[in-house]
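# Summary of the model geometry
These are the residues of each chain, in order.
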Amino acid sequence: MLASMSLSATIFIDLLRSMLTQSFFSAPMLPTSAARLLFLMRACRSSRDISECLQKTDNMNILLSPDSFKGTLTSSEVCDIIESALRNRIPDCNVIKLPAADGGEGLCSSFANSNDGEWISADAKDPFGLSLRAEYYMLKSGAAVIETASCAGLPLAGDRADPTVTTTAGVGMLIRDAVIFGAKRIILGLGGSATNDCGAGMASELGFWSVSENKNSFVSVGVTLVEVEHITAPKQ
């Protein structure tokens, strides 16, 4: 048992070293990722099953299915790092990588890893209404996978994150582009958003306008939602 516990600890140390030496790993992001790694270490320390499993390395199948580390590593990058650490200690293992997402960053990549389709780049707006290019994934089935985080996400807001003034307008632009491109269905991930406008910005890009008590049309953000008297639908 001591030998197997030592092996699992060694693998964890390799994993930690690999993550901390990645070129894309910036210093301001270390505390968040270190917290995630501490959670992983505690889980490994409390699981005898992991230690016992490491003693039986012949034809071992290991499934990796992590989510992203917000603002630091994508789920695919996490998979690659963990695989590298595992192969360093268990070279004959069979590693199966299945990057996961909960609707935030990495959702499109998760679909792309297991479904045929194509990446589409389109004009959009960031959380502050500034122009940018964002991508979504069009499945062969005709469904478009769109991440709110791709144009209205927290990493794009940076140090200016303020949900009272940010907008989901960019999301509406991506939806409109997907429909024009021929999408028959929209799969929209809402995770990782830097907004709190209840989708008003998104709706405005699709022809739905907020109207104030004074009959003025406007694009609402979080702080102006209380001014919405009613919403007008696009004309057919």
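Everything below is about the structure printed above this text.
Scope of this entry: the structure provided in the associated data block. Here the structure is a predicted model, which is why all the values come from computation and not from measurement. (Residues numbered from 1 in each chain as written. Predicted model: local features only at pLDDT ≥ 70, side-chain atom pairs only at ≥ 80, totals over all residues. Heavy atoms only, no water.)

Moving on, we come to the overall build of the chain. From N to C terminus, the chain includes nine helices and nine strands. With 236 residues in all, the chain has 40% of them scored as buried. If you take every contact in the chain between residues at least 6 apart in sequence, the share linking residues at least 24 apart comes to 65%. Of the roughly 13,200 Å² of accessible surface on the chain, 55% is carried by carbon and sulfur atoms. (Helix = DSSP H or I, 4+ residues; strand = E, 2+ residues; numbered from the N terminus. Buried < 20%, exposed > 50% of the residue type's maximum accessible area, 1.4 Å probe, protein only. Contact = heavy atoms within 4.5 Å. Areas by Shrake-Rupley, 256 points an atom, 1.4 Å probe, with all protein chains shown as cover.)

Here the focus is the environment of S150. Mapped onto the fold, S150 is located in helix 6 (residues 149-152). It is 9.4 Å that separates the C-alpha atoms of S150 and A124, two residues lying 26 residues apart in sequence. The residues contacting S150, other than those within four sequence positions of it, are A134, E135, L156 and L174. Polar contacts involving the side chain of S150 include one to the main-chain carbonyl oxygen of E147, which spans 2.7 Å. (Polar contact = N/O pair within 3.5 Å; in protein donor to acceptor, adjacent residues only side chain to side chain.)

Here we come to helix 4 (residues 75-89). Look at helix 4: 22 Å from first C-alpha to last across 15 residues, which is about the 21 Å you get at 1.5 Å a residue. When we look at burial in helix 4, the residues that qualify are S75, V78, C79, I81, I82, E83, A85 and L86. (Expected span 1.5 Å × (residues − 1).)

In this section: the sheet that holds strand 5 (residues 143-147). Read across the sheet, four strands follow the order 3-4-5-6 without closing on themselves; strand pairing throughout is mixed. The strands lining the two open edges of the sheet, one partner per strand, are strand 3 (117-125) and strand 6 (185-189). For this sheet, the mean angle separating the axes of adjacent strands, direction not counted, is 30°. This element, helix 5 (residues 107-114), spans strand 3, strand 4 (131-139), strand 5 and strand 6 of the sheet and lies at about 145° to strand 5. Sitting on the sheet, helix 8 (residues 169-181) touches strand 3, strand 4, strand 5 and strand 6, and the angle it makes with strand 3 is about 135°. (Pairing = 2+ DSSP bridges. Axes fitted to C-alpha atoms, helices over the stretch in contact; angles between N-to-C directions.)

A few words on the packing of aromatic side chains. On inspection of all chains with the given rule, the structure shows one aromatic pair. The positively charged end of R160 is found above the aromatic ring belonging to F128, 3.9 Å away from the centroid. (Phe/Tyr/Trp six-rings, centres within 6.5 Å; stacked < 30°, edge-to-face > 60°. Lys NZ or Arg CZ within 6 Å of the ring centre and 35° of its normal.)

So, about the sheet that holds strand 8 (residues 217-218). What the three strands build is an open sheet, ordered 8-7-9; its pairing is antiparallel. Unpaired on one side and paired on the other, strand 8 and strand 9 (230-232) mark the two borders of the sheet. The sheet contact formed by strand 7 (residues 209-211) and strand 8 spans two bridges and is antiparallel. Looking across to strand 8, one finds that V211 is bridged to S217.

Quick look at the nonpolar core now. Core analysis: the biggest nonpolar cluster contains 15 residues, and Y136, M138, A144, I146, C151, L174 and A178 have the highest contact counts within it. When contributions to this core are tallied by element, the ones reaching two or more residues are strand 3, strand 4, strand 5, helix 6 and helix 8. Beyond its immediate sequence surroundings of up to four residues, Y136 is in contact with C108, E118, W119, I120, A122, A144, V145, I146, L174, D177, A178 and F181. Counting 13 residues, the second largest nonpolar core, distinct from the first, contains I62, L73, L86 and V95. (Core = buried A, V, L, I, M, F, W, Y, C linked by side-chain atoms within 4.5 Å.)

Sheet topology note: the strand 1 (residues 61-64)/strand 2 (residues 94-97) ladder contains four bridges and is parallel. Bridging across to strand 2, L64 finds its partner in K97.

Here we come to unusual backbone geometry. Where the residue is not glycine, phi is negative for most of them; where a peptide bond is considered, it is trans in most cases. The phi dihedral of C198 falls on the positive side, at around 60°, and the residue is not glycine. Along the chain, C198 turns up in the loop between strand 6 and helix 9 (200-205). Residue classification places C198 among the exposed positions, given a relative accessible area of 71%. The phi dihedral of K215 falls on the positive side, at around 70°, and the residue is not glycine. For K215, the location among the structural elements is in the loop between strand 7 and strand 8.

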